[in-house]
Amino acid sequence: MAPSLSQAYRRRWWMAVTSIIENLLFSAVLLGWGSLLIMLKSEGFYSHLCTENVTEADTNVSLTEQTVWPSCIEQEEILNLGFTIGSFIISASTLPLGVLMDKFGPRPVRLFGSSCFALSMVLIAAASYDPKVLSALIFIAVSMNGFGGICLTFTSLTLPNMFGNVRSTILSLMFGSYASSAVTFPGVKLIYDVGVSFSVIFWLWAGFACLVFLNCFINWPGESFPGPEDIRYSKDFYKIKTFISQKISISNKSCSFQSMRISRKKIVNLIIQKNVYIVYFFGTAGSPPFYRSVCSPIFLWSIITMAMSQLRIIFFMGALNKMVEFLVTHGDPNLNLYSSIFGTLQLLCLVSCPLIGYIMDWRMKECEDVVISAGGEKSTSGPPKRDRKIQKLTNAIRAFILTNTLLVIFGIISLIDNLPIQVVSFVLHTAVRGFIHSCCGGLYAAVYPTNHFGTLTGLQSMISAVFALLQQPLFMWMVGPLKGDPYWINLGLLVFSLIGYLLPGYLFYHRRQITKEKTARDSLSLSQSVQQSNSLNLNK
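None of these values were measured; they are calculated from a predicted model. (Residues numbered from 1 in each chain as written. Predicted model: local features only at pLDDT ≥ 70, side-chain atom pairs only at ≥ 80, totals over all residues. Heavy atoms only, no water.)

## Re the overall build of the chain
Selection criterion: Numbering of helices and strands starts at the N terminus; helices are DSSP runs of H or I of at least 4 residues and strands are runs of E of at least 2. Here the term buried applies to any residue with accessible area under 20% of the maximum for its type, exposed to any over 50%, and partly exposed to those in between, with areas from a 1.4 Å probe on protein chains only. For this analysis, residues touch if any pair of their heavy atoms sits within 4.5 Å. Where accessible areas are quoted, they stem from the Shrake-Rupley method and a 1.4 Å probe; at the residue level, only the protein chains shown are allowed to cover.
Scanning the chain from terminus to terminus reveals 23 helices and eight strands. Relative to its 540 residues, the chain shows a buried fraction of 52%. For the chain, restricting intrachain contacts to residue pairs at least 6 apart in sequence, the fraction spanning at least 24 positions comes to 78%. When the accessible surface of the chain is summed, it comes to about 24900 Å², and 64% of that surface belongs to carbon and sulfur atoms.

## What about the packing of aromatic side chains?
Convention followed: Two rings from Phe, Tyr or Trp (for Trp, the six-membered ring) form a pair when their centres are within 6.5 Å of each other. A pair whose planes differ by under 30 degrees is stacked, one over 60 is edge-to-face, and the rest are tilted. A ring is scored as having a charge over it whenever the NZ atom of a lysine or the CZ atom of an arginine sits within 6 Å of its centre and within 35 degrees of its normal.
With the rule as written, the count across this model stands at 18 aromatic pairs. Judged by centre distance (6.1 Å) and plane angle (75°), the ring pair of Y46 and F139 falls under edge-to-face. In this pair, Y46 is assigned in the loop between α3 (33-42) and β1 (54-61) and F139 in helix α8 (residues 137-155), connecting sequence segments 93 residues apart. Take Y46: its relative accessible area is 9%, and that puts it in the buried class. By relative accessible area, which is 18% here, F139 ends up buried. Note on F202 and W205: the rings are 5.8 Å apart at their centroids and 40° apart in plane angle, and the pair reads as tilted. Remark: W205 and F202 occur in helix α11 (residues 198-219); sequence separation between them is three residues, near one turn of the helix. Looking at F202, the relative accessible area reads 0%, which means it is buried. Assessed through its relative accessible area of 7%, W205 is described here as buried. Ring-pair connections join several aromatic residues into one group, and the members of that group are F26, F45, F117, F185, Y192, F198, F202 and W205. Sitting over the face of the ring of Y9, R12 holds its NZ or CZ atom 4.1 Å from the ring centroid.

## Observations regarding the side chain of R433
The condition is simple: When charges are counted, neither His nor the chain ends are considered; positive counts come from Lys and Arg and negative counts from Asp and Glu. Whenever Lys or Arg places a side-chain nitrogen within 4 Å of a carboxyl oxygen from Asp or Glu, that contact is recorded as a salt bridge.
Position of R433 relative to the elements: it lies in helix α19 (residues 422-447). One buried charged residue, R433, forms no salt bridge at all, with the nearest opposite charge on E22 at 17 Å. If near-sequence neighbours (up to four positions away) are discounted, R433 is found in contact with L31, Y178, A179, A182, I313, M317, Q346 and C349.

## As for the packing of helix α17 (residues 349-360) against α19
Inclusion rule: Axis lines are fitted through C-alpha atoms, for helices just across the contact stretch, and the angle between N-to-C directions can take any value from 0 to 180 degrees. In a left-handed crossing the near helix is turned counterclockwise from the far helix by less than a right angle, and in a right-handed crossing that turn is clockwise. Residues are grouped as follows: Ala, Val, Leu, Ile, Met, Phe, Trp, Tyr, Cys and Pro are nonpolar; Asp, Glu, Lys and Arg are charged; every other residue, Gly included, is polar.
The geometry of α17 relative to α19 is characterised by a closest axis approach of 8 Å and an angle of 35° between their N-to-C directions. The handedness of the crossing between α17 and α19 comes out as right-handed. When α17 is examined against α19, the residues C349, S352, C353, L355, I356 and M360 are found in contact with a partner set consisting of T430, A431, R433, G434, F435, S438, C439, G442 and L443. Among the residues forming the contact of α17 with α19, the class breakdown is nine nonpolar, five polar and one charged.

## A look at the state of the cysteines
What counts, and what does not: Cysteine sulfur pairs qualify as disulfides if the two atoms are within 2.5 Å.
Summed over the entire model, instances satisfying the criterion amount to zero disulfides. Residue C439 stays outside any disulfide, its sulfur separated by 8.5 Å from that of C440, the closest cysteine.

## Section: helix α22 (residues 487-496)
So the rule is basically this: As used here, the arc belongs to the directions running from the helix axis to the C-beta atoms.
Those residues of α22 that sit buried are I489, N490, L493 and L494. End-on view of α22: buried residues confined to an arc of 140°, all on one side of the axis. Facing away from the buried side of α22 by over 90 degrees, the exposed positions are W488 and V495.

## Some points on the side chain of H429
With respect to the element layout, H429 can be found in helix α19. Given the relative accessible area of 1%, H429 is considered buried. When near neighbours in sequence (up to four residues on either side) are disregarded, H429 contacts I313, F316, M317, F342 and F410.

## Examining the nonpolar core
We apply this condition: Among buried residues, the Ala, Val, Leu, Ile, Met, Phe, Trp, Tyr and Cys ones that are joined through side-chain atoms within 4.5 Å form a nonpolar core.
In terms of nonpolar packing, the biggest core is built from 124 residues, with F202, W205 and L507 touching the most fellow members. The biggest single contributor to this core is helix α14 (residues 297-318), with eleven residues.

## Describing the packing of helix α4 (residues 73-92) against helix α20 (residues 450-468)
We count it as follows: For classification purposes, an angle smaller than 35 degrees is called roughly parallel, one larger than 145 roughly antiparallel, one from 65 to 115 roughly perpendicular, and anything else oblique.
At a minimum axis distance of 7 Å, the contact between α4 and α20 shows a crossing angle of 155°. Viewed along their axes, α4 and α20 adopt a mutual orientation that is roughly antiparallel. For the pair α4 and α20, contact is made by F88, S91 and A92 and by G458, S461, M462, A465 and V466, respectively. When the residues that make up the contact of α4 with α20 are grouped by side-chain class, the tally is five nonpolar, three polar and no charged.

## Quick look at the confidence of the model for the chain
How we decide: For every residue, the predictor assigns a confidence score, pLDDT, that lies between 0 and 100.
Averaged over all residues, the pLDDT of the chain equals 77, while 78% of them reach at least 70. With pLDDT under 50 throughout, residues 59-66 is counted as low confidence; its partners more than four residues away or in other chains account for twelve contacts. Here residues 246-285 scores under 50 on pLDDT; set against residues more than four positions off or in separate chains, the count is 65 contacts.

## Notes on α3
Within α3, nine of the ten residues are buried, which leaves it mostly tucked inside the rest of the structure. Looking only at α3, the buried set comprises W33, G34, S35, L36, L37, M39, L40, K41 and S42.

## Points about the pattern of salt bridges
All told, the structure shown has three salt bridges when counted by the stated rule. Note that R110 and E22 form a salt bridge whose closest N and O atoms lie 2.5 Å from each other. A residue pair is termed long-range when its members are at least 10 positions apart, and R110 in helix α6 (residues 106-127) and E22 in helix α2 (residues 12-26) qualify at 88 residues. Of the charged contacts, one joins K189 and D193 as a salt bridge, the two residues approaching to 2.9 Å between their closest N and O atoms. Here the residue K189 and the residue D193 both occupy positions in helix α10 (residues 184-193), the gap between them amounting to four residues, near one helical turn. A relative accessible area of 16% means that K189 is categorised as buried.

## Some details on the environment of G98
Position of G98 relative to the elements: it lies in helix α5 (residues 94-104). Under the relative-accessibility criterion, G98 is labelled buried at 0%. In this view, G98 contacts F154, G454 and T455; residues no more than four positions away in its chain are not counted.

## Focus: the environment of E76
In plain terms, the rule: What qualifies as a polar contact is a pair of N or O atoms within 3.5 Å, subject to a donor-acceptor requirement within protein and to the restriction that residues adjacent in sequence count only when both atoms come from side chains.
Of note, E76 is situated in helix α4. Spatially, the C-alpha atoms of E76 and L37 are 8.4 Å apart, while their sequence positions differ by 39 residues. Among the polar contacts made by the side chain of E76, one reaches the side chain of K41 at a distance of 3.1 Å.

In C-alpha cells:
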C-alpha cells in the first residue's frame with residue numbers, strides 16, 4: 001500500500017537523496033553518448049555496414065580472443081540516428097508524462113519508468129551476443145532507455161514541493177543530477193576498458209534498476225505532491241479533517257462557520273497556527289484555466305529560449321567525437337584523453353545547479369506571507385516586506401541572463417581551432433546544461449499553478465525536442481560537405497543563441513508592469529485608509 005503524504009513528508013530527505021542518486025545513474029544517461037558509441041563500435045554494432053570506406057578498426061579484447069571490427073561513416077551515421085531518437089524521446093515524452101503525472105501522481109509513472117529502463121539494459125546486453133543480427137535492437141533499447149530515464153527525472157521534479165523556501169535549491173539539485181547523468185557512460189566505459197564484459201555490465205545495470213522500482217514502491221505516495229504551503233503534509237491533517245466534519249454539518253447548499261459562507265463544492269481544511277485560524281481552499285476556484293498559462297507570453301518566450309538551447313547542447317554532445325577527431329588531425333593525438341575529460345566534467349552539474357537554485361531562492365525568506373483568517377480577511381504574517389511575485393521575477397531575470405551569457409561565451413570558444421582551449425568549452429557546456437533546465441523549472445514553479453507544472457514542462461520539452469531533431473541533418477552536413485569541420489555550424493548556432501536574451505527582457509518588462517500595478521494598489525489603499533480615518537475624526 002502506498003504511504004500517505006504525511007508519511008512521505010517524514011521520509012522527504014531519504015526520497016530526495018535517493019532521487020538524486022537515481023537521476024545520476026538511471027535518468028538521462030544516454031547524454032553520455034560519446035562513450036557508449038565507442039563501446040558499441042567495439043562490440044561490432046552495425047559493423048557489417050562497413051564493406052568499404054573503412055575509416056578505422058575497433059578492437060574488442062577478451063580473455064580468450066581478439067576481435068577486430070571495422071568502422072566507417074555509414075556505421076557512425078546510423079548509430080548517431082539512434083542517439084537522435086533517444087534524445088528526442090527524453091524530451092518529447094515529457095508532455096504525456098506531465099499530463100499523466102498531473103492526473104495520477106508520480107508513483108505509477110516512476111514505477112513504469114524504472115521498469116522500462118531495466119528492460120532497455122536487458123535489450124542492449126542481449127544484442128551484444130550477436131550484433132550482426134541483433135544490432136537493430138539498439139533503437140528499441142535507446143528509446144526505452146530515454147523514456148524510462150525521463151520518467152525518473154520528471155517525477156522527481158515535484159518532490160521539492162516538500163521543502164518550502166528552499167524548493168528551488170532542491171529542484172536545481174534534481175536537474176543537476178539529471179544533467180550529470182551524462183557522466184555515467186564514461187564511468188561504465190572505464191569499467192569496460194579494464195576487461196569487464198559488456199553484457200555483464202548491462203545485466204548488472206538492469207538489476208540495479210529493479211532497486212529503483214522497489215524504492216518507489218515502498219516510499220513514494222499515491223497522490224501528487226501539493227505546493228509547499230499545503231497542510232496535507234501535516235501529520236495532524238486527517239485529525240483536523242475529522243474534527244471539522246464533526247463540528248460542521250454541510251448541507252446541500254452551504255453552512256456558516258466563524259461568520260464565513262462555505263460552499264459544499266470546496267474542501268475546507270482548518271488548522272491552528274499561532275492562534276490564528278487559517279483556511280485553505282482546494283478546488284477549481286483560484287486556479288486559472290490551463291489555456292491561459294499556455295498562451296501567456298512568459299511560456300511562449302520560454303519555448304523559444306529552450307528550443308534554441310536544446311539544439312545547441314544536443315548538437316555538441318552528438319557531434320563531440322567527430323569535432324575532437326577534426327581537431328586531433330591538426331596535431332593533438334590525445335582523443336581519448338579529451339573525451340574522458342568531457343565525460344568527467346559532467347559531474348560539475350551537481351555543483352553548478354545549486355548556484356542557479358540559490359539565485360532563484362534569493363531573498364525569498366524576506367517576502368511577505370499572506371494568510372487568510374477565519375473572518376475571510378487577508379493579512380500579512382509580519383511587517384511589510386518584499387513582494388513575493390516581484391522577487392521571483394527578479395531572481396528569474398538574473399538566472400536567465402547568467403545562463404545565456406555563459407551559452408554565448410561557450411559558442412565563442414567553440415569557434416577556436418585549439419583542442420586544449422576546448423576544455424573551457426566543456427566546462428561551460430556542462431554549466432549551461434544544468435543552468436537552463438533549473439532556470440526554466442524554477443520559473444514555471446514560481447509563475448504558474450502547481451497543477452499546471454507537469455503539463456507545461458512537458459509541452460515545453462516536447463517542442464524543444466522536435467526542434468532539436470535538426471541536430472541529425474546538421475551532423476550529416478558536418479561529416480559530409482564540411483568534411484568534419486564544425487566552424488560554420490558553430491558560428492550559426494552562436495548567432496542563434498543571442499535570442500536567449502529576449503526572455504529575460506520580457507520578464508523585466510513584466511516585472512515593471514506588476515510593480516506599477518502594486519504601487520497603484522498601495523496608493524489607493526492608503527488614500528482609502530486616510531479617508532476612513534478623516535471620516536472617523538469628523539464623526540467624533
